[in-house]
Amino acid sequence: MKIRSLMYVLMGTFTIVACTNSDNEATTGDSPTDKISTGFDWATSRTVSVSITSANKTLVSLYSDAECKILLLENALVEGETTVDLNIPMHSQAVYAKYTAISGPQVRTINLKAVTRANGSINLEDAVAPTSEEDAGFRFYHNTGVAMFEDNWPKQSNGPDNDLNDVVIEYDLKVTECQVEDLLPAHGYKEGLLLTLDLRAKGGYYPTKLGVELIGLDKKYINEITSRILWKGGQGTEEEIARKETRDDFVEVNTDTYKLTVDVKTGNPVIMLDGLSALGDKQNFFQTTEGYIVIGKPMLRAEIKFAGKNRSEITDNEGKTQLEAYRNLILDTKKQNFFIVTNDNKEIHMKGYEPTRFYTNYDVDAAKADVEMINGIPYCNKNGFVWGVKVPVGVKHAYERVPFAEAYPQFTEWAQSNGAQNKGWYLAPLDGKVVEAW
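Computed from a predicted structure; not experimentally measured.

Peer 1: Explanation requested: the overall build of the protein in the structure shown.
Peer 2: Each helix and strand in the protein was counted, giving 6 helices and 20 strands. The 438 residues of the protein split such that 56% are buried. A fraction of 69% describes how many contacts in the protein between residues 6 or more apart in sequence connect residues 24 or more apart. About 18,600 Å² of surface is accessible on the protein, with carbon and sulfur atoms providing 46% of the total.

Here it is, written out as structure tokens:
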């Protein structure tokens, strides 16, 4: 299979809506044998329900990996039976419960059904109570991953240039929920979101900004905003550059080089970090070119914290809706609209996501494409090519001028089998084709 045709498959795989031709099939390129059913949803994650039972009140944290490094839910208070929803990588067939037992810390496996909406359950007979009520006061939902972009929309990248490393973002969303009613007065609000966007790599000339639109989080559920720009180092180290806290519906944090804006005036919150042009150079770029990778180099981070409305200020029904809006940012990854902005003010989003309200020139710019865009599916041309993908946390980016599909050779069978084979293709990159550490 030609690299170019394979990349047509790749770039059409990470959203619910498939690009289609007149035969109601998605095409992966110029070969008629490379067609993929439009029934395939191209998802790399799924939502599951997990039931936990404990006779004793206890705190449980849930992870997507046996090593308990990728946190899904922290400090869930369990007394009797508790059911929670989680968003996990598509290949995962289990989640892992970590809790304190009489004999000490324990990790138990919760096996899941191999279907899109899976269920699993576990009974923690040996669990012990938390050390204090304060420890049991809040639960934290987590969702993390990697967003990768090409920067030349609406033109199609071919060959070595289609390396998906023009901008590589590591992101993390943490939603806080108060689970003990007695703490609400002191807590002041019930829900909150902590969002971090880390620039891992920049392998393109054109990107100037990175951003995300949080779909469905109405401004009436945002009581306060804290914004920070910082350098994020290893082992949890950080160097703060600028910070601002406000109850306004627009926040701007400025330095001589970088600017972070959070706009919740109308519509969904839109967050943008400007200043990407200052990173790297036009020859070796930033953390993408072999021989020019600086291991441990701090990443530029935008950190935004939203505090939800005080429950005394809204109705019970509004409180439930507020909780749902925050939770959905974790459980429904289609609520996370990541994008980049180029030096000619084009927004580049993933397939099927609308541009933000700040980019009104989509139709004009799309008309300049070398391959016509598909009507009704933003950022997808008639070859099935798109300019951004979202993959699970830890997925490594390709070296400069290494086609992404060449770096991940198991991808072809996964795509051609409609996701039945090689669900964990992103766990098996080809040696020497991806950046191992950054």
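Having seen the model, we can carry on.
Peer 1: Mind showing me how you'd approach the side chain of Glu191 here?
Peer 2: Along the chain, the position of Glu191 falls in strand β10 (residues 191-201). A distance of 2.8 Å separates a polar atom in the side chain of Glu191 from a polar atom in the side chain of Gln322. In this structure Glu191 touches Thr176, Glu177, Ala307, Gly308, Arg311, Gly319, Gln322, Leu323 and Tyr326, once residues within four positions along its chain are discounted.

Peer 1: Could you clarify how one ought to interpret the sheet that holds strand β18 (residues 336-342) in this entry?
Peer 2: Taken together, 6 strands build an open sheet; the order of strands is β14-β15-β16-β11-β18-β19 and the sheet is antiparallel. Looking along the sheet, the strands with just one partner apiece sit at the ends: β14 (250-254) and β19 (347-349). Between one strand axis and the next, the sheet turns by 15 degrees as a mean value, whatever way the strands run.

Peer 1: Got a minute to help me understand the nonpolar core in this structure?
Peer 2: What tends to happen in soluble globular proteins is that the nonpolar side chains get buried as a cluster. Leu86, Leu197, Ile271 and Phe306 are the most contacted members of the largest nonpolar core, which totals 80 residues. Broken down by element, the residue count for this core peaks at 7 residues, all from strand β4 (residues 71-89). With 20 residues, the next largest nonpolar core counts Val395, Ala407, Phe411 and Tyr426 among its residues.

Peer 1: Please clarify how the pairing of strand β17 (residues 299-307) should be interpreted in this entry.
Peer 2: Across a regular strand the side chains alternate sides, sitting on one face of the sheet and then on the other. Summarising burial for β17: 8 of the 9 residues are buried, a large majority. Both β10 and β17 contribute to a ladder of 8 bridges, which runs antiparallel. Within the sheet, the bridge partner assigned to Gly192 lies in β17 and is Ala307. Pairing of strand β12 (residues 224-232) with β17 involves 9 bridges; the strand directions are antiparallel. Within β17, the position partnered with Trp231 by the bridge is Leu300.

Peer 1: Is there a simple way to explain the side chain of Arg200 in this structure?
Peer 2: Relative to the helices and strands, Arg200 is located in strand β10. Taking relative accessible area as the criterion, Arg200 reaches 1% and is therefore assigned buried. One polar contact links the side chain of Arg200 to the main-chain carbonyl oxygen of Val395, over a distance of 3.0 Å. When neighbours within four sequence positions are excluded, Arg200 is seen to be in contact with Val146, Val168, Glu170, Phe286, Gln287, Met299, Val395, Lys396, His397 and Trp438.

Peer 1: I tried to follow the confidence of the model for the protein on my own but got confused; where do I start?
Peer 2: Detailed conclusions should not be drawn from predicted coordinates in areas where pLDDT is low. Summing up the model confidence of the protein, the mean pLDDT is 86 and the portion of residues at 70 or higher is 87%. Here residues 1-40 is modelled with pLDDT under 50, and outside its nearest four sequence neighbours on either side it reaches 116 contacts, counting other chains as well.

Peer 1: What should I look at first to understand the packing of aromatic side chains in this one?
Peer 2: Given two aromatic rings, one states the distance between the centres and the angle between the planes to describe the pair. Within this structure, the stated rule accounts for 12 aromatic pairs. Ring centres of Phe404 and Tyr408 lie 4.9 Å apart, and the angle between their planes is 35 degrees; this geometry places the pair in the tilted category. Since its relative accessible area comes to 1%, Phe404 is described here as buried. Between Tyr408 and Trp425, the ring centres sit 5.6 Å apart and the planes meet at 90 degrees, which makes this aromatic pair edge-to-face. Of this pair, Tyr408 sits in the loop between α5 (404-407) and α6 (411-416) while Trp425 sits in the segment after α6, placing them 17 residues apart in sequence. Taking the relative accessible area as the measure of exposure, Tyr408 reaches 0% and is therefore buried. Trp425 sits in the buried class, given a relative accessible area of 0%. For Lys174, the ring lying beneath its charged end belongs to Phe140, and the centroid distance is 4.5 Å. We note Lys265 situated over the ring of Phe250; from NZ or CZ to the ring centre the distance is 5.1 Å.

Peer 1: Would you mind going over the pairing of β10 with me for this structure?
Peer 2: With 10 of 11 residues buried, β10 lies mostly within the body of the structure. In the sheet, strand β9 (residues 167-178) pairs with β10 via 10 bridges, with the strands oriented antiparallel. Each bridged residue has a counterpart across the sheet, and for Tyr171 the counterpart in β10 is Leu197.

Peer 1: How do you make sense of the pattern of salt bridges when you look at a structure like this?
Peer 2: Should the charged atoms of two oppositely charged side chains come close, the side chains can pair. The full count for this structure, using the stated rule, is 17 salt bridges. When the shortest N-O distance is used, the salt bridge between Glu170 and Arg200 registers 2.9 Å. Residue Glu170 is located in strand β9, and its partner Arg200 is located in strand β10; the two are separated by 30 residues in the primary sequence. Salt bridges sharing partners connect three or more residues here, namely Arg228, Glu238, Glu240, Arg243, Glu245 and Glu303.

Peer 1: Would you explain the environment of Phe306 in this entry?
Peer 2: Tracing the backbone through its elements, the reader meets Phe306 in strand β17. With 115 residues separating them along the chain, Phe306 and Glu191 place their C-alpha atoms 8.7 Å apart. Excluding residues within four positions of it along the chain, Phe306 makes contact with Gly192, Leu193, Leu214, Leu217, Ile222, Glu224, Ile225, Val262, Val264, Pro269, Ile271 and Tyr326.

Peer 1: For this particular structure, what's the right way to read unusual backbone geometry?
Peer 2: Trans is the common state for peptide bonds, and a negative phi is the common state for residues other than glycine. Note that the residue after Trp153, namely Pro154, is joined by a cis bond; omega there is 5 degrees. Looking at the element boundaries, Pro154 is found in the loop between β8 (138-149) and β9. Located in the positive-phi region is Arg401, a residue other than glycine, with phi close to 65 degrees. Locating Arg401 in the fold gives a position in the loop between β20 (388-392) and α5. A positive phi angle, close to 55 degrees, is found at Asn422, a residue other than glycine. Asn422 gets classed as partly exposed once you look at its relative accessible area, which sits at 26%.

Peer 1: Please explain the environment of Gly424 as it appears in this structure.
Peer 2: Counting through the fold element by element, Gly424 comes out in the segment after α6. In this structure Gly424 comes out as buried when scored by relative accessible area, which is 18%. C-alpha of Gly424 to C-alpha of Pro392: the two residues are 32 residues apart in sequence and 9.9 Å apart in space.

Criteria and cut-off values
- Residues numbered from 1 in each chain as written.
- Predicted model: local features only at pLDDT ≥ 70, side-chain atom pairs only at ≥ 80, totals over all residues.
- Heavy atoms only, no water.
- Helix = DSSP H or I, 4+ residues; strand = E, 2+ residues; numbered from the N terminus.
- Buried < 20%, exposed > 50% of the residue type's maximum accessible area, 1.4 Å probe, protein only.
- Contact = heavy atoms within 4.5 Å.
- Areas by Shrake-Rupley, 256 points an atom, 1.4 Å probe, with all protein chains shown as cover.
- Polar contact = N/O pair within 3.5 Å; in protein donor to acceptor, adjacent residues only side chain to side chain.
- Pairing = 2+ DSSP bridges.
- Axes fitted to C-alpha atoms, helices over the stretch in contact; angles between N-to-C directions.
- Core = buried A, V, L, I, M, F, W, Y, C linked by side-chain atoms within 4.5 Å.
- pLDDT = per-residue confidence, 0-100.
- Phe/Tyr/Trp six-rings, centres within 6.5 Å; stacked < 30°, edge-to-face > 60°.
- Lys NZ or Arg CZ within 6 Å of the ring centre and 35° of its normal.
- Salt bridge = Lys/Arg side-chain N within 4 Å of Asp/Glu carboxyl O.

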